[in-house]
Amino acid sequence: RRERLYVFFFSSRRRHTRCSGVSWARRCVQETEDNVCGHETKARYAEVAGAKIAIIISNSDVLDQENIAHDNGMGQNIGIATIMISKTLGTEFKNALKQSQGQKIILSIRFEMNQANEVNYTFWMSSSTMESYAFLREFYRYHQRLGDKVKIQPKYVIWYSARCQKENFQNVEQPNCVSSGRYCAPDPDDSGPATGREVVLEDLRQICLFKTQPENKWWEYIQKFYEKEQCRQFTEDKCSWDAMQEIGVEAQKVNDCVRNSFEGQDQAKENSILNRERQDFKDSKTHYWPSIIINQTPYRGSLLPETEVFNAICAAFKDRPAECEAIETTVHKSCLLYTSP
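Description of the structure in this document.

Considering all chains together, one arrives at 16 aromatic pairs under this definition. Arranged with centres 5.7 Å apart and planes meeting at 45°, the rings of Tyr142 and Phe310 form a pair that is tilted. One end of the pair, Tyr142, is in helix H4 (residues 130-146); the other, Phe310, is in helix H12 (residues 305-315), with 168 residues separating them in the sequence. Among the residues examined, Tyr142 registers a relative accessible area of 10% and is labelled buried. Measuring from ring centre to ring centre gives 5.4 Å for Trp159 and Phe281, while their planes differ by 75°; the resulting arrangement is edge-to-face. Of this pair, Trp159 sits in the loop between strand S5 (150-156) and helix H5 (162-166) while Phe281 sits in helix H11 (residues 272-284); the two residues are 122 residues apart in sequence, bridging distant segments of the chain. Residue classification places Phe281 among the buried positions, given a relative accessible area of 9%.

Put into structure tokens, the structure is as follows:
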């Protein structure tokens, strides 16, 4: 069965909330200059209307991290490719469409990835974000299959308190921060007993675990932490240390790393590890998490371990390893079970 291909172009100049239901789908995708939807909303409704790809035309010729659409919560539900192109290129496309007079236009799009013999990927997360653990638990078996050909670098989202900064981080207390407001995290349970302070300290323990232990111990800890409800509540650190002991982590090395990372081992002062983590977060211009950067290229897509993320990592190899083909074949065979005749 031949399938008709729809491609919709949108302008990115401004956003509006008027597209609030599926009934607006065709209007959103047809009124390309009306700008009545946000980026993700445009892509979602283009998909509902039958599009196979959505192309957003930027109002600038400079495409960088600041101009990329940020996830408004709908990103995980979008199943079509969505790309942003420069204003000049968009104008050329639209002019070609106007001059085509109904003739077919062939559009070729190639998604490129920085390629290397070994793939390194950064996983941005917070210890309080359960979606991070869910993804890592599922993806671990694919990471293992690729063996030494792939390396992960977990990174943790660290904020700071602007109010405490005004006081030069001196003699101020902030329940969602450590080191007098230098390193902060959102409250994980709102009005519950846990605070962002416990999240930051758990982030630090996980960083130190990765730094001082074999990589597989970090993966095992991530799974053990997620399994323990008490750990996920962030009410005490005993659960964290117990989890390390259960999987054979040298907890004393982790504890020494945590303590020594604070200036003078004083939790009211600066922390060398969290300083670097906070600066890396700022430099990465990561606006949402969990998120992945593969060979210094931000991954834009759904966090589906066995298909999208795995394929993106395999695409980053200069010479695609046999492990990629073996896993892809297994995935494709399983997909056939759910394909309508």
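So that's the structure; there's more coming.
Further remarks concern the pattern of salt bridges. Evaluation of the coordinates by the stated rule reveals 12 salt bridges. In this structure, Lys217 and Glu220 form a salt bridge, with 3.7 Å as the shortest nitrogen-oxygen distance. Of this pair, Lys217 and Glu220 both sit in helix H7 (residues 215-227), separated by 3 residues, roughly a single helical turn. For Lys217, a relative accessible area of 18% gives the class buried. With its nearest N and O atoms 3.6 Å apart, the salt bridge here joins Glu250 to Lys253. What makes Lys253 partly exposed here is its relative accessible area of 43%. Put simply, Lys155, Glu277 and Asp280 are held in one network by salt bridges that share partners.

Next up on the list: the packing of H4 against H7. One can describe the packing of H4 onto H7 by two numbers: an axis separation of 10 Å at closest approach and a directional angle of 135°. Classified by the interaxial angle, the pair formed by H4 and H7 is oblique. Viewed along their axes, H4 and H7 form a crossing whose handedness is left-handed. Two secondary-structure elements touch here, H4 through Met130, Tyr133, Leu136, Arg137, Phe139, Tyr140 and His143 and H7 through Glu215, Asn216, Trp218, Trp219, Ile222, Gln223, Phe225, Tyr226 and Glu227.

So, on to the state of the cysteines. In total, this model carries 4 disulfides according to the counting rule given. Between the sulfur of Cys177 and that of Cys184 lies a disulfide, 2.0 Å long from S to S. Because the torsion about its S-S bond is 100°, the bridge between Cys177 and Cys184 counts as right-handed. Take Cys184: its relative accessible area is 7%, and that puts it in the buried class. Each disulfide pairs two cysteine sulfurs, and for Cys231 the partner residue is Cys239, the sulfurs being separated by 2.0 Å. Taking the torsion about the sulfur-sulfur bond, which here is approximately -95°, the covalent link between Cys231 and Cys239 counts as left-handed. Per residue, the accessibility class of Cys231 equals that of Cys239, and both read buried.

Across the sheet, 4 strands lie side by side as S5-S4-S8-S9; this open sheet has mixed pairing. Where the open sheet ends on each side, the last strands, each with one partner, are S5 and strand S9 (297-298). Each of strand S4 (119-125) and S5 touches helix H6 (residues 196-212); the most contacted strand, S5, lies at about 155° to it. Contacts from H12 reach S4, S5 and strand S8 (291-294) within the one sheet, and its direction differs from that of S8 by about 15°.

The rules behind these values
Residues numbered from 1 in each chain as written. Predicted model: local features only at pLDDT ≥ 70, side-chain atom pairs only at ≥ 80, totals over all residues. Heavy atoms only, no water. Phe/Tyr/Trp six-rings, centres within 6.5 Å; stacked < 30°, edge-to-face > 60°. Helix = DSSP H or I, 4+ residues; strand = E, 2+ residues; numbered from the N terminus. Buried < 20%, exposed > 50% of the residue type's maximum accessible area, 1.4 Å probe, protein only. Salt bridge = Lys/Arg side-chain N within 4 Å of Asp/Glu carboxyl O. Axes fitted to C-alpha atoms, helices over the stretch in contact; angles between N-to-C directions. Parallel < 35°, antiparallel > 145°, perpendicular 65-115°, else oblique. Left-handed = near helix turned anticlockwise from the far one by under 90°. Contact = heavy atoms within 4.5 Å. Disulfide = S-S within 2.5 Å. Pairing = 2+ DSSP bridges.

Such coordinate-based values are descriptive only and should not be taken to indicate function.
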